Amino acid sequence: MEKLTERFLRYVAVDTQSDEQSESQPSAEKELTLLKMLRDELTALGVEASLDEWGYVMATIPSNIEENVPAIGFIAHVDTSPDASGKDVKPQIIPDYDGSAVALKGVEGLMLDPKDFPELLNHKGETLITTDGTTLLGADDKAGVAEIMDAVQYIVSHPEFKHGKICIGFTPDEEIGRGVVKFDVEKFGADFGYTMDGGEVGELEFENFNASSAHLRIQGRNVHPGYAKGKMLNAIRIAEEFDSLLPKEQKPEYTEGYDGFLHLISFQGTVEECETSYIIRDHDGAKLEAKKETMRLCANFINARYGEGTVTLTIKDQYRNMREMVEPHRHIIEKAQKAMEMAGIKPRIQPIRGGTDGANLSFRGLPCPNIFAGGLNFHGKFEWVTVENMEKASKVIINLIALFADKDA
């Protein structure tokens, strides 16, 4: 039997960074490398598994009990964020972590320091896995993938373990918002699902942001700077001016909890033309609409000042808060809480300050809360996870399956 740590390290060695500029699905051919591996590993474990043309791995473990109980699905995504390289990941393993700063040895002077990331101190004595500072780690969400596979390995090697129908799903392109666009919920076959895609131990989430994106094109007017007075319109400066009009307190570095935000994620251009992109987030749908209206008002102000057509603003909706679809099935939250308590974990219900595949799946008929996978500082070089966190997540999966198989639980 393969240990969970070994499995995780094999998975992060595969570059699966998704590509937001691509129109294909999966967005990057290299994602299929890990997806094919997972299909083949499931098959080798004796589990019926398939990989379809869209890059979805689906597998089913049939029920081994007579009782009619709900079919439960567990889902994780294989892609890593476009925000940082996922190629040639070189994990650092620190057994019995002592709470000191960890040198990320691939970049001279770079440290993973509890002064900056105090959560590290909650994991003294555990086996810490970090990056070497040159890439992200990939715990988002290969920790979730490894935990699900570890649970599958346990189930097939313990035929005495009683369970209902179990559905396994691995998806591409979650990081670019297209993870389950073509996911066949009916084919998947689960009544309820859980994404293993959260952070710290104990996290349990059934609320996420309502999400929209905004793209601005700013048309300037380039004139030789020696003769520019009264003539030049510098698109770069106009883009900066637009950003300065947005409420400072609604920028992500000033928000937490249920606060939404307006986040500038890209800025490129010249004096003649500039393009910027934002993401707009809020747990409350009405507040999201207000933020979108703020952006429209700022665009109108710029056009009134510099001429109609200076700014072209395009806003697109991306996903919605899954709370309204999950809350009517409160028992799936309660079972997840109990599964954590059985593993000695104190559940922490909180809103996701982001989104998961589970949000879109919930609106497509598969209520799908999110459970911790155990990593922190996702999407960058300071990402880390502990072996103990992943082991606890795998145990929660097993506990959940047992609870759903027991009608009296």
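Residues numbered from 1 in each chain as written. Predicted model: local features only at pLDDT ≥ 70, side-chain atom pairs only at ≥ 80, totals over all residues. Heavy atoms only, no water.

(A) Quick look at the packing of aromatic side chains. With the rule as written, the count across this model stands at eight aromatic pairs. Summarising the aromatic geometry, the rings of Phe-74 and Tyr-194 are spaced 6.0 Å apart at their centres and angled 20 degrees between planes, so their arrangement reads as stacked. With Phe-74 in strand S3 (residues 72–77) and Tyr-194 in strand S9 (residues 192–198), this pair connects stretches of sequence that are 120 residues apart. Look at Phe-74 and you get buried, because its relative accessible area is 1%. You can call Tyr-194 buried: its relative accessible area is 0%. Relative to Phe-161, the ring of Tyr-154 lies with its centre 5.8 Å away and its plane at 75 degrees, an arrangement referred to as edge-to-face. On the basis of relative accessible area, Tyr-154 is assigned to the partly exposed category, the value being 31%. In this structure an aromatic cluster arises from ring pairing among Tyr-56, Phe-183 and Phe-188. Above the plane of the ring of Trp-54 lies Lys-182, whose end atom (NZ or CZ) is 3.6 Å from the centre. (Phe/Tyr/Trp six-rings, centres within 6.5 Å; stacked < 30°, edge-to-face > 60°. Helix = DSSP H or I, 4+ residues; strand = E, 2+ residues; numbered from the N terminus. Buried < 20%, exposed > 50% of the residue type's maximum accessible area, 1.4 Å probe, protein only. Lys NZ or Arg CZ within 6 Å of the ring centre and 35° of its normal.)

(B) Structural context of a negative patch on the surface. Side chains of Glu-66, Glu-67, Asp-406 and Asp-408 sit close together on the surface and give a patch of like negative charge. Within the secondary structure, Glu-66 is located in the loop between strand S2 (57–61) and S3. Glu-66 gets classed as exposed once you look at its relative accessible area, which sits at 83%. (Patch = residues over 30% accessible without salt bridge, like charges linked within 9 Å, V, L, I, M, F, W, Y side chains within 5 Å. Areas by Shrake-Rupley, 256 points an atom, 1.4 Å probe, with all protein chains shown as cover. Salt bridge = Lys/Arg side-chain N within 4 Å of Asp/Glu carboxyl O. Lys, Arg positive; Asp, Glu negative; His and termini not counted. Charge placed at Lys NZ, Arg CZ, Asp CG, Glu CD.)

(C) Local environment of helix H10 (residues 387–405). With 19 residues, H10 extends 28 Å from end C-alpha to end C-alpha; this agrees with the ideal 27 Å at 1.5 Å per step. Of all the 19 residues making up H10, 14 are buried; the element is thus mostly covered by neighbouring parts of the structure. (Expected span 1.5 Å × (residues − 1).)

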